[in-house]
Amino acid sequence: MRFDPRSFGLLAVTCVVACGPKSAPPRQVQGTPIAGATPTGEADAREVKAAGATSTTGRPQPATGPVPTPEQITPMVETSAAALRAGDRQTAERSLRPCLHRSPPVLVCELQFARFLATVPRRKTQYQETLRRLVIVDDPSMSTEAYDDLAKRLRTIGEPAMSETAVLIALSRSPTAERHSFHAKVLQGLPDRLDNAIAALRSALELAPERRDWAMELATLSARHPDHVDEAIAQFEALRTESEDEAFRRTITERIAELRRAAAISSDPNAPQRPKGTRRNHPTPPAADGGSTSR
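Because the structure is predicted, anything quoted here is derived from the model rather than measured.

J.: Whenever I open this one, the overall build of the protein confuses me. Can you help?
T.: A count of helices and strands for the protein gives 13 helices and zero strands. Sequence-ordered secondary structure for the protein, helices as α and strands as β, is α-α-α-α-α-α-α-α-α-α-α-α-α. Burial status across the protein gives 36% buried among its 295 residues. A fraction of 54% describes how many contacts in the protein between residues 6 or more apart in sequence connect residues 24 or more apart. Total accessible area on the protein is roughly 18500 Å²; 55% of this is exposed by carbon and sulfur atoms.

J.: Looking at this structure, how should I read helix 3 (residues 70-85)?
T.: Residues spaced three or four apart along an α-helix point in a common direction, a consequence of the helix completing one turn every 3.6 residues. Look at helix 3: 23 Å from first C-alpha to last across 16 residues, which is about the 22 Å you get at 1.5 Å a residue. Within the sequence span of helix 3, burial applies to Ile73, Met76, Val77, Ser80, Ala81, Ala83 and Leu84. Take helix 3 and look down its axis: the buried residues cluster within an arc of 165 degrees, on one side only. More than 90 degrees from the buried face of helix 3, the exposed residues found are Glu71, Glu78 and Arg85. Where helix 3 terminates, the next one or two residues include glycine 87, which has phi positive at roughly 85 degrees.

J.: What's the story with the nonpolar core in this structure? I'm lost.
T.: General note: in soluble globular proteins, nonpolar side chains tend to be found buried as a group. Within the largest apolar cluster, 37 residues are counted, with the highest numbers of intra-cluster contacts made by Cys109, Leu131, Ile136, Met142, Tyr147 and Leu150. Listed by contribution, the elements that provide at least two residues to this core are helix 3, helix 5 (107-117), helix 6 (124-132), helix 7 (144-156), helix 8 (160-173) and helix 9 (177-187). Broken down by element, the residue count for this core peaks at eight residues, all from helix 5. If sequence neighbours within four positions are ignored, leucine 150 has contacts with Leu111, Leu131, Leu134, Ile136, Met142 and Ala166. Of all hydrophobic cores here, the second largest spans 28 residues; its members include Leu187, Leu194, Ala223 and Leu239.

J.: I'm lost on helix 9 in this one. Help?
T.: Of all eleven residues that make up helix 9, nine are buried, and the element is covered over most of its length. The complete set of buried residues in helix 9 reads Ala177, Arg179, His180, Ser181, Phe182, His183, Ala184, Val186 and Leu187. Its buried side turned inward, helix 9 meets helix 7, helix 8, helix 10 (194-207) and helix 11 (212-224).

J.: Got a minute to help me understand the environment of serine 174 in this structure?
T.: With respect to the helices, strands and loops of the structure, serine 174 is situated in the loop between helix 8 and helix 9. As for serine 174 and threonine 144, which are separated by 30 residues in sequence, their C-alpha atoms are 7.7 Å apart.

J.: I'm lost on the packing of aromatic side chains in this one. Help?
T.: Ring pairs (aromatic) are described by centroid distance and by the angle formed between their planes. Scanning all chains against the criterion turns up one aromatic pair. Positioned above the aromatic ring of tryptophan 214 is the side chain of arginine 211, whose terminal nitrogen or guanidinium carbon lies 4.0 Å from the ring centre.

J.: It is not clear to me how the packing of helix 5 against helix 6 should be interpreted in this structure. Could you clarify?
T.: A pair of packed helices is captured by two measures, namely the crossing angle of their axes and the spacing between those axes. Look at helix 5 against helix 6: their axes get within 9 Å of each other, and the N-to-C directions meet at 160 degrees. Here helix 6 runs roughly antiparallel to helix 5, going by the angle between their axes. Viewed along their axes, helix 5 and helix 6 form a crossing whose handedness is left-handed. Along the contact surface, helix 5 presents Glu110, Phe113, Ala114 and Leu117, while helix 6 presents Gln126, Tyr127, Thr130 and Leu131. Its residues assigned to classes, the contact of helix 5 with helix 6 comprises five nonpolar, two polar and one charged.

Parameters and conventions
- Residues numbered from 1 in each chain as written.
- Predicted model: local features only at pLDDT ≥ 70, side-chain atom pairs only at ≥ 80, totals over all residues.
- Heavy atoms only, no water.
- Helix = DSSP H or I, 4+ residues; strand = E, 2+ residues; numbered from the N terminus.
- Buried < 20%, exposed > 50% of the residue type's maximum accessible area, 1.4 Å probe, protein only.
- Contact = heavy atoms within 4.5 Å.
- Areas by Shrake-Rupley, 256 points an atom, 1.4 Å probe, with all protein chains shown as cover.
- Expected span 1.5 Å × (residues − 1).
- Arc of directions from axis to C-beta.
- Core = buried A, V, L, I, M, F, W, Y, C linked by side-chain atoms within 4.5 Å.
- Phe/Tyr/Trp six-rings, centres within 6.5 Å; stacked < 30°, edge-to-face > 60°.
- Lys NZ or Arg CZ within 6 Å of the ring centre and 35° of its normal.
- Axes fitted to C-alpha atoms, helices over the stretch in contact; angles between N-to-C directions.
- Parallel < 35°, antiparallel > 145°, perpendicular 65-115°, else oblique.
- Left-handed = near helix turned anticlockwise from the far one by under 90°.
- Nonpolar A, V, L, I, M, F, W, Y, C, P; charged D, E, K, R; others polar.

Purely spatial values, then, with no claim about function.
Right under this line is the structure:
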């Protein structure tokens, strides 16, 4: 029998077709997207574009068309908040578009937009710019708690003056101890407002005298102000009397002695004066009875 090469070739092709896998999945070539898939970076680009058109300065341009009514704005913000809680950032942003970048800005919408931006790390700069562009007014559509949130966000990004505007609106509506305490913290970030911070913290303690951490903070702030040293000594003495923690009592006793020495020196016209602009550095007293000095 003679060997026919043509017959062998036909046999080999037949075997490959019959014996191979019947439906091998298509192989994706590196760098080539599968049909219907979103290209890398396209979703991010859509998200940035959805924030609104920007001018040549990089600031969002005011939206066109009629400004939504309060009745329309409320469900927009609620829809955005619910979507954000559910992790649906696209809906959280898209639902706000009709009321964003208005002139003047719709405060409740811009705040909700800032909350959305805070969840997107790569948009941190836009988050801060959005907060800094806000015109803070007493808007009836904004809840008191929303002003609390706004004040905290502004303080966090280093805008204590704007933060105070927001917290003052909240205080005018509901002057709680917590709001007075937060106001004191905000005031400490403003120049020459230590006296106001002491007054704010005093107001907080009047409403919540059980807060020994605030009492400690008030004594510490008072000790930093030359007109309140006597008050600081009295506050430290009260804290020492109330405490059963020996370590705490010893530290407070030392602090009181330092304050009295400083007061005596400052009242002595012949005593050498420290260079202007400097102050003594005192260690923070430990919390009484092992507790924290802040909550």
